[in-house]
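Okay, here's what each chain looks like letter by letter:
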Amino acid sequence: MPKPRFNRIYVTFLVVSLLCGVAGALQAPTLSLFLTNEVKVRPLWVGFFYTVNAIAGIAISFLLANRSDNKGDRRKLLMFCCLMALGNSLVFAFSRDYLVLITVGVLLAAIGNASMPQLFALAREHADRSASEVVMFSSMMRAMLSLAWVLGPPLSFMLALNYGFTPMYLSAAAVFVGSILMILFFLPSVPRLEQPVDEKVVPVSAWRNKDVRLLFFSSLLMWTCNIMYVIDMPLYITSDLDLPEGLAGLLMGTAAGLEIPAMLLAGYLVKRTGKRKLMLYAVASGVIFYAGLVAFQFKAALMILQLFNAIFIGIVAGIGMLYFQDLMPGRAGSATTLFTNSISTGVICAGLLQGFIVENFGHYPVYWAATGLAVVALGLMYKVKDV
């Protein structure tokens, strides 16, 4: 079995993953707070911003994925996406106009968000060309993103609450500058291989493939559950459970920290167990997690349940992307983007569903809904073929 080559290029991939993840984790956790307190918009317009942002991200990422798989230098496209993300950070640092943010800001963010799937696609292509272990290396890159989400949110709130949002967004911009420089000087350009004629129909046939569709909808439901939890948990533990406000950050940080060993262990075990079996274990852990939130409402139980949450997200985030790539050979960019768009679509569904349930029934039923969706996701995943 080929071994990962931990040379300068591989270290750079890991560092760029960490930097891009930290930049994103600096901005995302406080976005609703920024729109509410700085831009002074109603909650309805906060939710509308998230919806427009997710829809724009899906459309832009598909366009960029198709281009990157067919022509051009993926490294240049990656730098362009990071440059747009840098521009987005500067717009948010200096503008408090909602119309500017939801037009220029969202457009730049949609292009910038495509940097992560392009980075993973470039890493996959480089690993394939250098005969390196793809699964383990991809799991390590994904672990860097989890590490970023351990570090980023506390730093984000510290900067925003103590120094203001402008220094926070400027900090994110500085991180993107570092990412662009590392990509420019250290990451390789991987020559595009000309696909055989019979493989040029892959973009169409891939979505017609039943297994791709099943995996997409299963992934969509998984991320819907996860985002519903992320949106609702801070409100649920304070309004319904009378637990400290800081517990939400502790729960999310604990889960992010536990995701790292879960991802690395999954990368080690995948050769023995296969992707399908690991994904089934992951979604089953998700069912246990959400059912546990229904059954238990005290701090110790919520902390223990984070282990199942970490297994769920850690494996799905790492192995799920590779599963799409293996079901869509020769289309690394499109496959990676299809995975990330299942996340974006999950964000849209989660925001609408969580808002509707809380508005009409309260916070507690959100976790019944998440449990049901996780069970459906498990059934869909069971039908996907192993690769």
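This text goes with the structure placed above it.
A brief structural summary. (Residues numbered from 1 in each chain as written. Predicted model: local features only at pLDDT ≥ 70, side-chain atom pairs only at ≥ 80, totals over all residues. Heavy atoms only, no water.)

**So, the overall build of the chain**
If you tally the helices and strands in the chain, you get 15 helices and zero strands. Relative to its 387 residues, the chain shows a buried fraction of 54%. Residue pairs at least 24 apart in sequence account for 84% of intrachain contacts in the chain once pairs closer than 6 positions are excluded. Put simply, the chain shows about 16,600 Å² of open surface, and 70% of that area lies on carbon and sulfur atoms. (Helix = DSSP H or I, 4+ residues; strand = E, 2+ residues; numbered from the N terminus. Buried < 20%, exposed > 50% of the residue type's maximum accessible area, 1.4 Å probe, protein only. Contact = heavy atoms within 4.5 Å. Areas by Shrake-Rupley, 256 points an atom, 1.4 Å probe, with all protein chains shown as cover.)

**Considerations on the nonpolar core**
The biggest cluster of nonpolar side chains holds 91 residues, and the ones touching the most others in it are Phe-13, Ile-237, Met-279, Tyr-290 and Leu-293. Looking at this core, the element that brings in the most residues is helix H10 (residues 210-239), giving 15 residues. Not counting chain neighbours up to four residues away, the residues in contact with Leu-293 comprise Tyr-229, Met-233, Tyr-236, Leu-302, Leu-305, Tyr-364 and Tyr-367. Membership of the second largest hydrophobic core comes to 32 residues, among which are Val-22, Val-91, Ile-111 and Met-168. (Core = buried A, V, L, I, M, F, W, Y, C linked by side-chain atoms within 4.5 Å.)

**A look at helix H1 (residues 8-27)**
In this model, H1 (20 residues) spans 29 Å end to end at C-alpha, consistent with the 28 Å of a helix rising 1.5 Å per residue. The element H1 is largely enclosed, with a buried count of 14 among its 20 residues. (Expected span 1.5 Å × (residues − 1).)

**Let's talk about helix H15 (residues 364-382)**
Side chains three or four residues apart in an α-helix point the same way, a direct result of the helix having 3.6 residues per turn. The end-to-end C-alpha distance of H15 is 28 Å, a good match for the 27 Å that 19 residues give at a rise of 1.5 Å each. Considered for burial, the residues of H15 that qualify are Val-366, Tyr-367, Ala-370, Thr-371, Leu-373, Ala-374, Ala-377 and Met-381.

**Re the environment of Leu-258**
Relative to the assigned elements, Leu-258 resides in helix H11 (residues 246-273). Using a relative accessible area of 32% as the deciding quantity, one classes Leu-258 as partly exposed. Through-space distance from the C-alpha of Leu-258 to that of Ile-311 is 7.8 Å; in sequence the pair is 53 residues apart. Residues contacting Leu-258, with those up to four places away along its chain left out, are Gln-306, Leu-307 and Ala-310.

**Considerations on the state of the cysteines**
For the coordinates displayed, the defined rule picks out zero disulfides. Sulfur of Cys-20: no disulfide; nearest cysteine sulfur belongs to Cys-82 and is 4.2 Å away. A disulfide-free cysteine, Cys-81 has its sulfur positioned 7.0 Å from the sulfur of Cys-82, the nearest such atom. (Disulfide = S-S within 2.5 Å.)

**Comments concerning the packing of aromatic side chains**
Given two aromatic rings, their pairing is described by the distance between the two centres and the angle made by the two planes. If you walk through the whole model with that rule in mind, you get 15 aromatic pairs. Pairing Phe-34 with Tyr-169 gives two aromatic rings, centres 5.2 Å apart and planes at 75°, and the pair type is edge-to-face. In this pair, Phe-34 sits in helix H2 (residues 31-37) while Tyr-169 sits in helix H8 (residues 165-186), placing the two residues 135 residues apart along the sequence. Ring geometry for Tyr-290 and Phe-312: centres 6.0 Å apart, planes at 85°, overall edge-to-face. Of the two residues, Tyr-290 sits in helix H12 (residues 275-295) while Phe-312 sits in helix H13 (residues 299-327), which places them 22 residues apart along the sequence. There is no split in this pair, since Tyr-290 and Phe-312 are both buried. An aromatic cluster of at least three residues, connected via ring pairs, comprises Phe-34, Phe-49, Phe-92, Tyr-98, Phe-165 and Tyr-169. In this arrangement the basic side chain of Arg-276 is found over the ring face of Tyr-382, its NZ or CZ atom lying 5.0 Å from the centre. (Phe/Tyr/Trp six-rings, centres within 6.5 Å; stacked < 30°, edge-to-face > 60°. Lys NZ or Arg CZ within 6 Å of the ring centre and 35° of its normal.)

**Brief notes about the environment of Met-328**
Topologically, Met-328 is positioned in the loop between H13 and helix H14 (332-361). Given the relative accessible area of 6%, Met-328 is considered buried. Sequence separation of Met-328 and Asn-209 is 119 residues, and the distance between their C-alpha atoms is 9.3 Å.

**Quick look at the packing of H10 against H15**
Taken N-terminus to C-terminus, the directions of H10 and H15 make an angle of 160°; their axes are 9 Å apart at the nearest point. Considering the angle they form, H10 stands roughly antiparallel to H15. As for how H10 packs across H15, the hand of that crossing is left-handed. Here the contact of H10 with H15 is built from residues that sort into 21 nonpolar, two polar and one charged. (Axes fitted to C-alpha atoms, helices over the stretch in contact; angles between N-to-C directions. Parallel < 35°, antiparallel > 145°, perpendicular 65-115°, else oblique. Left-handed = near helix turned anticlockwise from the far one by under 90°. Nonpolar A, V, L, I, M, F, W, Y, C, P; charged D, E, K, R; others polar.)

**Observations regarding a nonpolar patch on the surface**
Among the surface-exposed residues, Val-177, Leu-181, Leu-184, Phe-185 and Phe-186 lie close enough to one another that they form a single nonpolar patch of about 440 Å² accessible area. With respect to the helices and strands, the residue Leu-184 is situated in helix H8. (Patch = residues over 30% accessible without salt bridge, like charges linked within 9 Å, V, L, I, M, F, W, Y side chains within 5 Å. Salt bridge = Lys/Arg side-chain N within 4 Å of Asp/Glu carboxyl O.)

**Focus: the packing of H12 against H15**
Two numbers describe how H12 lies on H15: the axes approach to 8 Å, and their chain directions differ by 165°. Judged by the angle between their axes, H12 and H15 are roughly antiparallel. Note on packing geometry: the crossing formed by H12 with H15 is left-handed. Here H12 contributes Arg-276, Met-279, Leu-280, Val-283, Ala-284, Gly-286, Val-287, Tyr-290, Ala-291, Leu-293 and Val-294 to the contact with H15, which in turn contributes Tyr-364, Tyr-367, Trp-368, Ala-370, Thr-371, Ala-374, Val-375, Ala-377, Leu-378, Met-381 and Tyr-382. Tallied by class, the residues present in the contact of H12 with H15 amount to 19 nonpolar, two polar and one charged.

**Side note on the pattern of salt bridges**
Here the structure, examined in full by the defined rule, presents one salt bridge. Notably, a salt bridge pairs Glu-38 with Arg-96, separated by 3.0 Å at the nearest N-O pair. With Glu-38 in the loop between H2 and helix H3 (43-70) and Arg-96 in the loop between helix H4 (74-94) and helix H5 (98-113), this pair connects stretches of sequence that are 58 residues apart. On the accessibility criterion, Arg-96 (27% relative accessible area) is partly exposed.

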